[in-house]
Amino acid sequence: MFIADCIEAQLPGWRDRVQHLRGKSGDFKVCDVTVSQIYSGIRGVQIQVSDISYVDPYEGLRLRGYTIPELLDLLPKAAGSPMPLAGGLYYLLLCDALPTRQQAEMVEEEWRQRSEIPAYVCNVIRRMPAGTHPMTLFSMGIMALQRESVFAKKYDNGTAREDHWRYYLEDALNLTAKLPGLAAFIYNLRYQDGITIPPDPDLDWSANFAHMIDRSGNPDYHDLCRLFFFLHSDHEGGNVSAHATHLISSALSDVYLSCAGGMNGLAGPLHGLANQECLKWLLDVQTYFGKIPSQEDLRQYLIDQLRHGALIPGYGHAVLRTTDPRFTAQLAFARKYMPSDELLQLVDLVYQTLPDVLQAQGKVSNPWPNVDAINGALQYHFGVKEFDFYTVLFGVSRIMGLTAHIVWARALLKPIERPKSLTTEMLETMIRNSGH
Ligand code: HAX
């Protein structure tokens, strides 16, 4: 398999590099941990190495060293579209090399061959009560697929630790191949009377999701899916879904078990649900004004909201200190594809108005928009108006990054994670004894 060959060729060098670091500099201190960091979600503590993605506070996300604008330029595009093929992105994440068009198409073809979802998986989802959250159905679908894990079977039959990554890779390709179909199945079941539309073999992975939820006639939505699935694919290793997936897989739980756990974290309101909060807020502002407000009226409205202690969703970030380039890419899409959409005009006006207001308030570390300030409004434009489904779309994309990370974690023979906890009394004693 060409991706396995590509990883295999790099492995001796990588394993040597890690061994050298551990052998020569194993006791080198990277950072200290303070009491307030322990009590504030281990924020900022550097506990992981990811060579797949990195979030720079001022440049935003880099995937395999490339910025978002660079990749939008350099990745091979889908036929007749200015947007990248997800197959090319996945190749980049896994192989650490920019794909040629042929390599990107080869990943897309692998996905086509592996995309069929077993009937029992759909039956499990169908049997759930009507009000079940789409993220629960998505996570259950992934869990049901676990029966297919190549790694779990190989592990049961005994396989060398050095080879675990090969079967993780098989599982990763099999799972990612099925994600657009799984998400479309859930969308159709919940919101479109259970219609079923088979994938179109002539379409790429991203556009096939659009096709399977009956948006075939709308090539602009195909492009939005390509952009969305590209932009949400990874955001380094410390966020909840990435960290959870990494942690679970360190116990050698297979790709399905690990990714389902990651999706359960993504389903939390402080993580992947932020986009629906943001759209709700925008629709409230739109209803309040009844039309696009003047900038001055909006400024006053925002000042009032903040004065009453409101949190404006879509603005601020734990790491970024600039406009999220993933927001910028989506805003450029909105300006080009739907310049007269009033909700997206409002997104733009908020962007021109709110950062100054937040900055003047003086307490926000980052007054700039994050990725969630616009993504829901774009889906809304194309009639995908079911807020609670948006996190599933996020999950479809993010599993590309999660699986790339855990394939490489096994390839680099990373061990089980086991940090240590303390009691409050121990902490108090340590502080007392230090004379602090
Ligand atoms: N509106 C109003 N006040 C804000 C704010 C916003 N958008 N962002 C931060 N603040 C306030 C905080 O509440 C905090 O106030 P207090 O000191 O009174 O508690 C103060 O500014 C300092 O916070 P911070 O250091 O700037 O921000 P944090 O690193 O603590 O938190 C958050 C970062 C993203 C959680 C935060 O900015 C926020 O809640 N934003 C709105 C929700 C949102 O957009 N979430 C999506 C984040 C993107 C993501 O990861 N998606 O998966």
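See above for the structure.
Residues numbered from 1 in each chain as written. Predicted model: local features only at pLDDT ≥ 70, side-chain atom pairs only at ≥ 80, totals over all residues. Heavy atoms only, no water.

Draft legend 1. How the structure looks around helix α5 (residues 101–113). Look at α5: 18 Å from first C-alpha to last across 13 residues, which is about the 18 Å you get at 1.5 Å a residue. Every buried residue of α5 is listed here: A104, V107, E108, E110 and W111. Take α5 and look down its axis: the buried residues cluster within an arc of 155°, on one side only. Exposed positions of α5 whose direction lies more than 90 degrees from the buried face are Q102 and Q113. Buried residues along α5 sit in contact with α1 (2–25), α4 (86–95), α9 (164–191), α10 (205–212) and α19 (390–411). (Helix = DSSP H or I, 4+ residues; strand = E, 2+ residues; numbered from the N terminus. Expected span 1.5 Å × (residues − 1). Buried < 20%, exposed > 50% of the residue type's maximum accessible area, 1.4 Å probe, protein only. Arc of directions from axis to C-beta. Contact = heavy atoms within 4.5 Å.)

Draft legend 2. Region of interest: the site of the ligand. Of all residues adjacent to the ligand, which total 18 residues, the nearest are I312, G314, Y315, K363 and S365. One of the side-chain nitrogen or oxygen atoms of N370 is found 3.0 Å away from an oxygen atom of the ligand. D372 has a polar side-chain atom sitting 3.0 Å from a nitrogen atom of the ligand. Here the ligand has 930 Å² of accessible area as a free molecule, and 66% of this is covered by the chains. Its residues placed into classes, the shell around the ligand shows 9 nonpolar, 6 polar and 3 charged. (Near = heavy atom within 4 Å. Polar contact = N/O pair within 3.5 Å; in protein donor to acceptor, adjacent residues only side chain to side chain. Areas by Shrake-Rupley, 256 points an atom, 1.4 Å probe, with all protein chains shown as cover. Nonpolar A, V, L, I, M, F, W, Y, C, P; charged D, E, K, R; others polar.)

Draft legend 3. Representation of the environment of A152. By secondary structure assignment, the location of A152 is in helix α8 (residues 150–156). The partly exposed category is assigned to A152, whose relative accessible area is 23%. Spatially, the C-alpha atom of A152 lies 36 Å from that of G60, the residues being 92 residues apart in sequence. Excluding its chain neighbours within four sequence positions, the residues that come into contact with A152 are Q146 and D254.

Draft legend 4. Structural view of the environment of A183. Within the secondary structure, A183 is located in helix α9. Accessibility expressed as a relative area gives 0% for A183, which makes it buried. Spatially, the C-alpha atom of A183 lies 14 Å from that of L145, the residues being 38 residues apart in sequence. When near neighbours in sequence (up to four residues on either side) are disregarded, A183 contacts F209, F389, V392 and V396.

Draft legend 5. Summary view of the environment of A130. Looking at where A130 falls in the secondary structure, it is placed in the loop between α6 (119–126) and α7 (134–145). Here A130 falls in the exposed class, since its relative accessible area comes to 67%. Between the alpha carbons of A130 and R190 there is a distance of 7.4 Å; along the sequence they are 60 residues apart.

Draft legend 6. Focus on the pairing of strand β2 (residues 60–63). The pairing of strand β1 (residues 53–56) with β2 spans 4 bridges and is classified as antiparallel. When the sheet's bridge partners are listed, D56 is paired in β2 with G60. Hairpin connection, β1 to β2: the antiparallel pair is bridged by 3 residues. By the bridge criterion, 2 bridges tie β2 to strand β3 (residues 66–67) in an arrangement that is antiparallel. The residue of β3 that forms the bridge with L63 is Y66. Taking the residues that link successive antiparallel strands as the turn, the β2-β3 hairpin has 2 residues, and the phi of R64 there is positive, at about 50°. (Pairing = 2+ DSSP bridges.)

Draft legend 7. Fine view of empty space enclosed by the protein. In total, this model carries 1 cavity of 30 Å³ or more according to the counting rule given. Looking at the largest cavity, its volume works out to about 40 Å³. The wall of the largest cavity is formed by C278, W281, L282, P313, Y315, V347, V350 and A373. At the level of secondary structure, the elements contributing two or more residues to the lining of the largest cavity comprise α14 (274–289) and α17 (342–361). Looking at the lining of the largest cavity element by element, the count peaks at 3 residues for α14. Taken together, the residues of the lining of the largest cavity sort by class into 8 nonpolar, no polar and no charged. (1 Å grid on protein atoms, 1.4 Å probe; cavity = no way out; pocket = protein on both sides within 12 Å on 5 of 7 lines; lining within 4 Å. Points joined across faces, edges and corners; volume = space filled by probe spheres on them.)

Draft legend 8. Structural detail: the packing of helix α12 (residues 240–249) against helix α13 (residues 255–266). The contact between α12 and α13 brings their axes to 8 Å, and the two run at 150°. It follows that α12 is roughly antiparallel to α13 by the angle criterion. The two elements α12 and α13 cross, and the hand of that crossing is right-handed. Across the interface between the two elements, V240, S241, A244, T245, I248 and S249 from α12 touch L257, S258, C259, G261, G262, G265 and L266 from α13. Of the residues contributing to the contact of α12 with α13, the split by class is 6 nonpolar, 7 polar and no charged. (Axes fitted to C-alpha atoms, helices over the stretch in contact; angles between N-to-C directions. Parallel < 35°, antiparallel > 145°, perpendicular 65-115°, else oblique. Left-handed = near helix turned anticlockwise from the far one by under 90°.)

Draft legend 9. Region of the structure containing the pattern of salt bridges. Overall, the coordinates contain 17 salt bridges when judged by the stated rule. Notably, a salt bridge pairs E170 with R114, separated by 3.2 Å at the nearest N-O pair. One end of the pair, E170, is in helix α9; the other, R114, is in the loop between α5 and α6, with 56 residues separating them in the sequence. The exposure class assigned to E170 is partly exposed, which follows from its relative accessible area of 24%. Residue classification places R114 among the buried residues on the basis of a relative accessible area of 13%. Residues E148 and R147 are paired through a salt bridge, measuring 3.0 Å at the closest nitrogen-oxygen approach. Note on E148: relative accessible area 29%, which makes it partly exposed. A network of salt bridges, in which partner residues are shared, links E8, D163 and R166. (Salt bridge = Lys/Arg side-chain N within 4 Å of Asp/Glu carboxyl O.)

Draft legend 10. Structural view of the side chain of Q37. By the element assignment, Q37 lies in helix α2 (residues 35–39). Exposure remark for Q37: the relative accessible area of 18% places this residue in the buried category. Within the local environment of Q37, its side chain forms a polar contact with the backbone oxygen of R43, the two atoms lying 3.2 Å apart. Excluding its chain neighbours within four sequence positions, the residues that come into contact with Q37 are D32, I42, R43, G44 and V45.

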